[in-house]
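# Chain and residue survey
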Amino acid sequence: MLDIVLYGDPILRRRAKPVKSFTGRTRTLIKRMLEAMKAAKGIGLAAPQVGVSERIIVISTNGEDLALINPRIVGQEGRQVDIEGCLSFPGLQGEVPRSRQVVVEAFNPLGRSVRVTAEGLRARAIQHEIDHLNGVLFIDRAREDSLHWLVREKERDEEGKPRYRKVRTTLEEVEEFYRRMREGN
Ligand code: NI
């Protein structure tokens, strides 16, 4: 299983390189990215998050997988503001404004050009992952007073599901937290 890199790793701030040839190596990487994303219960993942600085993203919403290579947003419309998280920031959430609908041009894993229109959550995920390819992270776009940790409560709810409470945080605290996490203490 591929490891997902955490905030603070310099690769997350680098601009990823375009993919120039569509080989089995790219398709294998995409398969492994989808696997790692699903294991971590995410809905999107960008190649830099698995240590590969190339312009590849995967998305899975409503059970529908999508892999886009060299994606470009060619149209966007409307606005949505909602809670967002990122697999490179476990436990952190914030409110991020995004376009409600996007049109994206990209290549599929076979090297054919595709045009995808998405809205709502799927559009949000695509915008978040394309940001990763440019070294932009959701904390850069989140309203700072909306950043919070999801802290698991000791007691579960009536259905036995874990319950979470939100604890406000700041960018400084976020930096410190993941620095310690990377150093393993
Ligand atoms: Ni992310």
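That block above? That's the structure.
Residues numbered from 1 in each chain as written. Predicted model: local features only at pLDDT ≥ 70, side-chain atom pairs only at ≥ 80, totals over all residues. Heavy atoms only, no water.

## Some thoughts on the pattern of salt bridges
To be explicit about the condition: By salt bridge we mean one thing: a side-chain nitrogen of Lys or Arg within 4 Å of a carboxyl oxygen of Asp or Glu. Helix numbers and strand numbers start at the N terminus; a helix is a DSSP run of H or I with at least 4 residues, a strand a run of E with at least 2. The rule is simple: take the accessible area with a 1.4 Å probe, protein chains only, and divide by the maximum for that residue type; under 20% is buried, over 50% is exposed, in between is partly exposed.
If you walk through the whole model with that rule in mind, you get 18 salt bridges. Here arginine 98 and aspartate 131 are joined by a salt bridge, their closest N and O atoms 2.9 Å apart. Of this pair, arginine 98 sits in strand 5 (residues 92-98) while aspartate 131 is found in helix 2 (residues 120-133), placing the two residues 33 residues apart along the sequence. Side by side, arginine 98 and aspartate 131 carry an identical accessibility label, which is buried.

## Focus: unusual backbone geometry
At lysine 41, a position not held by glycine, the phi torsion is positive, near 60°. Looking at the secondary structure, you find lysine 41 in the loop between helix 1 (24-39) and strand 1 (44-46). With phi around 50°, asparagine 70 is a residue other than glycine that occupies positive phi space. Inspection of the secondary structure assignment puts asparagine 70 in strand 3 (residues 64-77).

## Structural notes on the sheet that holds strand 9 (residues 162-168)
We apply this condition: Following DSSP output, two strands are said to pair if at least two bridges run between them. Lines are fitted to the C-alpha atoms to define the axes, a helix being fitted only along its stretch in contact, and any angle between axes, read from their N-to-C directions, falls within 0 to 180 degrees. Contact definition: two residues touch when any of their heavy atoms are within 4.5 Å.
The 4 strands lie next to each other as 4-5-8-9, forming an open sheet whose pairing is antiparallel. Edge strands, defined here as strands with exactly one partner in the open sheet, are strand 4 (80-84) and strand 9. The sheet shows a mean angle of 35° between the axes of neighbouring strands, taken without regard to direction. For strand 4 and strand 5, the ladder comprises 5 bridges, and the chain directions are antiparallel. By the bridge assignment for strand 5, valine 81 is matched with proline 97. With respect to the sheet, helix 2 is in contact with strand 4 and strand 5, its orientation differing from that of strand 4 by roughly 70°.

## Let's talk about the coordination of the nickel ion
Our working rule: Donors, by definition, are the N, O and S atoms found within 2.8 Å of a metal, the threshold being 3.2 Å for Na, K and Ca, and water is not counted, so a site can look incomplete.
At the metal site, the nickel ion is ligated by Cys86 (SG), His128 (NE2) and His132 (NE2), and these contacts range over 2.0 to 2.2 Å. The sequence motif formed by the donor residues of the nickel ion is C-x41-H-x3-H. You can see histidine 128 and its partner histidine 132 sitting in helix 2, 4 residues apart, about one turn around the helix. Residue class for histidine 132 comes out buried when judged on its relative accessible area of 1%.

## Considerations on the sheet that holds strand 2 (residues 56-61)
Taken together, the 5 strands give an open sheet; going across it, the order is 1-2-3-6-7, and neighbouring strands pair in antiparallel fashion. Each of the sheet's edge strands pairs with one partner strand only, and the pair in question is strand 1 and strand 7 (113-119). For this sheet, the mean angle separating the axes of adjacent strands, direction not counted, is 40°. Strand direction decides the pairing type here: strand 6 (residues 101-107) and strand 7, joined by 7 bridges, are antiparallel.

## Examining the layout of surface pockets
Going by this rule: Cavities and pockets were defined on a 1 Å grid built from protein atoms only: a cavity is a group of points that admits a 1.4 Å probe but offers it no way out, a pocket is an open group of points flanked by protein on both sides within 12 Å along at least five of seven lines, and a lining residue is one with an atom within 4 Å of any such point. Grid points are joined across faces, edges and corners, and a volume is the space filled by probe spheres set on the points. When residues are sorted by character, Ala, Val, Leu, Ile, Met, Phe, Trp, Tyr, Cys and Pro go into the nonpolar class, Asp, Glu, Lys and Arg into the charged class, and all the rest, Gly among them, into the polar class.
Its volume calculated, the largest pocket comes out at about 520 Å³. In terms of lining, the largest pocket is formed by 23 residues, of which the most central are Lys41, Gly42, Gly85, Cys86 and Leu87. For the lining of the largest pocket, the elements supplying multiple residues, two or more each, are strand 4, strand 5 and helix 2. Residue contributions to the lining of the largest pocket peak at 5 residues, all from helix 2. When the residues that make up the lining of the largest pocket are grouped by side-chain class, the tally is 12 nonpolar, 7 polar and 4 charged. By volume, the second largest pocket amounts to about 190 Å³. The wall of the second largest pocket is formed by Ile73, Gln76, Pro97, Arg98, Ser99, Gln127, Ile130, Asp131, Asn134, Val136 and Arg141.

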